[in-house]
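# Breakdown of the fold
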Amino acid sequence: MAYARTLASLTATLALGTTASAVVIDFETDENGDAMIEGQIIDPLFDPTDLEFGLSPASLFTISSRVLPSSGDNHLGVTVFDSNPPISSIEDDLEVGLGNILILQDDQRPSTTNDPTVGLIYDEPDDEESDNDAGAFVFEFTVLVELESITMVDINGGVEPLVTLTDVNGLTRVYDLPSKWTNDVSVAPVGFDTLFLNTLADQDGEGAGGVATASEDFGFNPQAVVKLDVALDGNSPSGGIDNLVFNVIPEPSTALLAGAGLVGVAVRRRRA
């Protein structure tokens, strides 16, 4: 059985000014600085109005999930998983020592318990592995951002991620990751690796699966990204994500914000 933890750390560092503002999201605390716990349900009904990071206009982004077109009875949405060992007799391949990560909850483990601090939590947090239940994490930004990197966890076996950045004009940059881009940590270290989102160069993972490749639409603007989609596809679409790093694009950008419908959105300084 997995153990709930209440680890708090710096979730975001935001310093607005004349240069881009660095933000690191590690999923240890929510937008209010409250600790996120293992099994916490982020979007139980795939409802974009019910999101942990979407509770106020000052939020930098919202988190939701989607099901892939080939999916059958589907996963159960975005869930917090504590990757610090020892954690679970169910998923030792996620024992990568990163603290909280995000997974797509296995629909075969729907049992929940009411937690007094966050409400319903899954009793057995577990990443989806069935090929007919594949899904994606979806981040929608309320400000224009430049994405730097994201940590990909347990990209081993049959999972083949597709990471898509969408700019304010609907143009995309896509990263295609091979199966076994990372190792299975229960077999060989390290079990995760960083995918850089600010380059089109091929990227070797720590596994033996080959390189991640990138392509983009002509005219794609990396400093005007409004959406990030991390799809876990393949015949065993398990795995997780952590450590989303991006820069907030500062003023003067009123014209761009107006074009994106984002004028008037407030951004607040966040503390640990």
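Residues numbered from 1 in each chain as written. Predicted model: local features only at pLDDT ≥ 70, side-chain atom pairs only at ≥ 80, totals over all residues. Heavy atoms only, no water.

### Regarding the environment of Leu-244
So the rule is basically this: Secondary structure elements are taken from DSSP: a helix is a run of H or I of four residues or more, a strand is a run of E of two residues or more, and numbering for both begins at the N terminus. Any pair of residues with heavy atoms lying within 4.5 Å of one another is described as a contacting pair.
Position of Leu-244 among the secondary structure elements: in strand S14 (residues 240-248). For the pair formed by Leu-244 and Asp-26, sequence separation is 218 residues and the distance between their alpha carbons is 6.7 Å. Non-local contacts of Leu-244, meaning those with residues more than four positions away in its chain, are made with Val-23, Val-24, Ile-25, Phe-139, Phe-141, Leu-147, Ser-149, Ile-150 and Leu-228.

### A word on the nonpolar core
The following threshold applies: Among buried residues, the Ala, Val, Leu, Ile, Met, Phe, Trp, Tyr and Cys ones that are joined through side-chain atoms within 4.5 Å form a nonpolar core. Accessibility here uses a 1.4 Å probe with only protein chains present; expressed as a share of the type maximum, an area under 20% marks a residue as buried, one over 50% as exposed, and anything in between as partly exposed.
Core analysis: the biggest nonpolar cluster contains 39 residues, and Phe-139, Leu-147, Met-152, Val-163, Leu-195, Leu-228 and Phe-246 have the highest contact counts within it. Of the residues forming this core, the biggest block, 8 residues, is contributed by strand S7 (residues 135-153). Listed in part, the 7 residues of the second largest apolar core include Phe-81, Val-96, Ile-101 and Val-153.

### Let's talk about the pairing of strand S2 (residues 61-67)
Residues in a regular strand project their side chains so that they alternate between the two faces of the sheet. The cut-off we apply is this: Note: two strands are recorded as paired if DSSP finds a minimum of 2 bridges between them.
The buried fraction of S2 is high, at 5 of 7 residues. In terms of strand pairing, S2 meets S7 through 7 bridges, oriented antiparallel. Bridged to Ile-63 within S7 is Phe-139.

### Focus: the packing of aromatic side chains
Inclusion rule: Working definition: a ring pair exists when centres of Phe, Tyr or Trp rings (six-membered ring for Trp) sit within 6.5 Å. Plane angles under 30 degrees give stacked, over 60 give edge-to-face, the rest tilted.
On inspection of all chains with the given rule, the structure shows 4 aromatic pairs. A ring pair is formed by Phe-61 and Phe-246, whose centres lie 6.1 Å apart and whose planes are at 85 degrees; its orientation type is edge-to-face. Of the two residues, Phe-61 is situated in strand S2 and Phe-246 in strand S14; the sequence distance between them amounts to 185 residues. Accessibility classification places Phe-61 together with Phe-246 in one group, the buried group. An aromatic cluster is built from Phe-61, Phe-139, Phe-141 and Phe-246, whose rings are joined through pairwise contacts.

### A word on the environment of Gln-105
Heads up, the condition is: N or O atoms closer than or at 3.5 Å make up a polar contact, with two conditions inside protein: a donor-capable atom paired with an acceptor-capable one, and, for residues adjacent in sequence, both atoms drawn from side chains.
Relative to the helices and strands, Gln-105 is located in the loop between strand S4 (100-104) and strand S5 (112-115). Judged by relative accessible area, Gln-105 falls into the buried class, the value being 0%. Each C-alpha atom of the pair Gln-105 and His-75 lies 5.8 Å from the other, and the pair is 30 residues apart in sequence. Within the structure, the side chain of Gln-105 is placed 3.1 Å from the backbone nitrogen of Asp-126, a separation counted as a polar contact.

### Describing the pattern of salt bridges
We count it as follows: Any carboxyl oxygen of Asp or Glu that lies within 4 Å of a side-chain nitrogen of Lys or Arg is treated as forming a salt bridge with it.
By the definition in use, this model includes 4 salt bridges. Close ionic contact of Arg-109 with Asp-126 constitutes a salt bridge, the shortest N to O distance being 2.7 Å. A residue pair is termed long-range when its members are at least 10 positions apart, and Arg-109 in the loop between S4 and S5 and Asp-126 in the loop between strand S6 (119-122) and S7 qualify at 17 residues. The exposure class assigned to Arg-109 is partly exposed, which follows from its relative accessible area of 26%. A salt bridge links Arg-173 to Glu-216, with the shortest nitrogen-to-oxygen separation between them at 2.8 Å. In this pair, Arg-173 sits in strand S9 (residues 172-176) while Glu-216 sits in strand S12 (residues 211-216), placing the two residues 43 residues apart along the sequence. Given the relative accessible area of 33%, Glu-216 is considered partly exposed. Through salt bridges with shared partners, a single ionic network connects Arg-109, Glu-124 and Asp-126.

### Quick notes on the pairing of S7
Where burial is concerned, most of S7 is hidden: 17 out of the 19 residues are buried. The pairing of S7 with strand S13 (residues 225-234) spans 7 bridges and is antiparallel. Counted as the bridge partner of Phe-139 is Leu-228 from S13. Inspection of the sheet shows S7 paired to strand S10 (residues 192-196) by 5 bridges, in the antiparallel sense. Within the sheet, the bridge partner assigned to Thr-151 lies in S10 and is Thr-194.

By themselves, these figures tell us nothing about what the structure is for.
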